[in-house]
Amino acid sequence: RYSNAIPHYEKYLVARVNNIEALFGISECYYNLGHIESALIGYRQVLKLCPDHPGANNRLKEVTHRPAIV
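Just so you know, these numbers come straight off a predicted model, no measurement behind them.

Caption draft 1: The confidence of the model for the chain, seen in detail. With 93% of its residues at a pLDDT of 70 or more, the chain has an overall mean of 93. When mean pLDDT is compared element by element in the chain, helix H2 (residues 20-32) scores highest at 98, while helix H4 (residues 54-64) scores lowest at 92.

Caption draft 2: Summary view of the side chain of arginine 59. By secondary structure assignment, the location of arginine 59 is in helix H4. When neighbours within four sequence positions are excluded, arginine 59 is seen to be in contact with Glu28, Tyr31, Asn32 and Tyr43.

Caption draft 3: Local environment of the packing of aromatic side chains. Enumeration over the complete set of coordinates arrives at one aromatic pair. Between phenylalanine 24 and tyrosine 43, the aromatic rings sit 5.9 Å apart at their centres with planes inclined by 50 degrees, giving tilted as the arrangement. Here the residue phenylalanine 24 occupies a position in helix H2, and tyrosine 43 occupies one in helix H3 (residues 36-49), the gap between them amounting to 19 residues. Here phenylalanine 24 matches tyrosine 43 in class, with each residue buried.

Caption draft 4: Summary view of the packing of helix H1 (residues 2-15) against H2. Put simply, H1 and H2 touch, their axes get as near as 9 Å, and they point 150 degrees apart. By the angle between their axes, H1 is roughly antiparallel relative to H2. Every pair of crossing elements has a handedness; the one defined by H1 and H2 is left-handed. The residues of H2 that touch H1, namely those facing Tyr2, Ala5, Ile6, Tyr9, Glu10, Tyr12 and Leu13, are Ala22, Leu23, Gly25, Ile26, Cys29, Tyr30 and Asn32.

Conventions and cut-offs
- Residues numbered from 1 in each chain as written.
- Predicted model: local features only at pLDDT ≥ 70, side-chain atom pairs only at ≥ 80, totals over all residues.
- Heavy atoms only, no water.
- pLDDT = per-residue confidence, 0-100.
- Helix = DSSP H or I, 4+ residues; strand = E, 2+ residues; numbered from the N terminus.
- Contact = heavy atoms within 4.5 Å.
- Phe/Tyr/Trp six-rings, centres within 6.5 Å; stacked < 30°, edge-to-face > 60°.
- Buried < 20%, exposed > 50% of the residue type's maximum accessible area, 1.4 Å probe, protein only.
- Axes fitted to C-alpha atoms, helices over the stretch in contact; angles between N-to-C directions.
- Parallel < 35°, antiparallel > 145°, perpendicular 65-115°, else oblique.
- Left-handed = near helix turned anticlockwise from the far one by under 90°.

And the structure:
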């Protein structure tokens, strides 16, 4: 149901652009749907607002250190 959650996060973020949990939540949706570039944008935005966010830090490390699929 990740794809169903994205419009709700988007609507919420219009009013609360810097809400860390919503940014992380939408990033997780994109990640789980395989939209890695969109997820990375979100994780990086979370880390700009909260550099110690464990979930965003872990995902960013996981995604940037995964071997390329050929």
